[in-house]
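Reading the structure
In case you want the letters, here they are:
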Amino acid sequence: MKADMGGAAGLLGAFEAAVSIGTGGTALHCALCLAENAIGPTAFRNDDVLCFFSGKTCEINNTDAEGRLVLSDGVAHVTASPSLLPGGGSPDLVVDMATLTGAQMVATGKHFAAVFTNDEETERAAVAAGRRTGDLVHPVP
């Protein structure tokens, strides 16, 4: 379970580095979609129906999917119109570095991270950076 926080840890580290070197006046925000898979009387259970920030609902059929559930709310939050980000406006780019190990490994295997983006230039840049560094990534449609 400790590896499940790898995506958030990587994003926090990248955010800290970007802030340290400066962003040239570009607004930069970091939304960490964090969850704890804990047992307790208020934990969700199979067949529960959750309502998300976006207004969409989801019936729980796997109680080990807490990361995917908070990720959907996080993406909806940062892309909301009008944006709920400090300073308002909509983001030009959203980067998702979620670990989502089980679902991601089915899609891309054990040796490639998944890249989800609606911007082909960003997708190509991520693949190229992965090839340069050895942290291989594969686009997921």
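Look up: the structure comes first, before these words.
Here the structure is a predicted model, which is why all the values come from computation and not from measurement.

A few words on the overall build of the chain. A count of helical and extended segments in the chain gives 4 helices and 4 strands. Walking the chain from its N terminus toward its C terminus, one meets helices and strands in the order α-β-β-α-α-β-α-β. On the principal axes, the C-alpha backbone points of the chain span a range of 45 × 40 × 25 Å. Buried residues in the chain amount to 16% of all 141 residues. Within the chain, contacts between residues at least 6 apart in sequence are counted, and of these 44% link residues at least 24 apart. Both charge centroids of the chain, one from 8 positive and one from 16 negative side chains, sit 7 Å from each other.

Glancing now at helix α4 (residues 120-133). Over its 14 residues, α4 runs 20 Å from end to end, which matches the ideal 20 Å to within 8%, given 1.5 Å per residue. Directly beyond the C-terminal end of α4, a positive phi value near 90° is found at Gly134.

To continue, consider the pattern of salt bridges. When charged atoms on two side chains of opposite charge get close, those side chains can pair. Under the counting rule described, the total for this entry stands at 1 salt bridge. Measuring nitrogen to oxygen at the nearest pair gives 3.7 Å for the salt bridge that ties Arg124 to Glu120. Taken as a pair, Arg124 and Glu120 lie in helix α4 at a separation of 4 residues, close to a single helical turn. Each member of the pair Arg124 and Glu120 is classed as exposed.

What counts, and where the lines are drawn
Residues numbered from 1 in each chain as written. Predicted model: local features only at pLDDT ≥ 70, side-chain atom pairs only at ≥ 80, totals over all residues. Heavy atoms only, no water. Helix = DSSP H or I, 4+ residues; strand = E, 2+ residues; numbered from the N terminus. Buried < 20%, exposed > 50% of the residue type's maximum accessible area, 1.4 Å probe, protein only. Contact = heavy atoms within 4.5 Å. Lys, Arg positive; Asp, Glu negative; His and termini not counted. Charge placed at Lys NZ, Arg CZ, Asp CG, Glu CD. Expected span 1.5 Å × (residues − 1). Salt bridge = Lys/Arg side-chain N within 4 Å of Asp/Glu carboxyl O.

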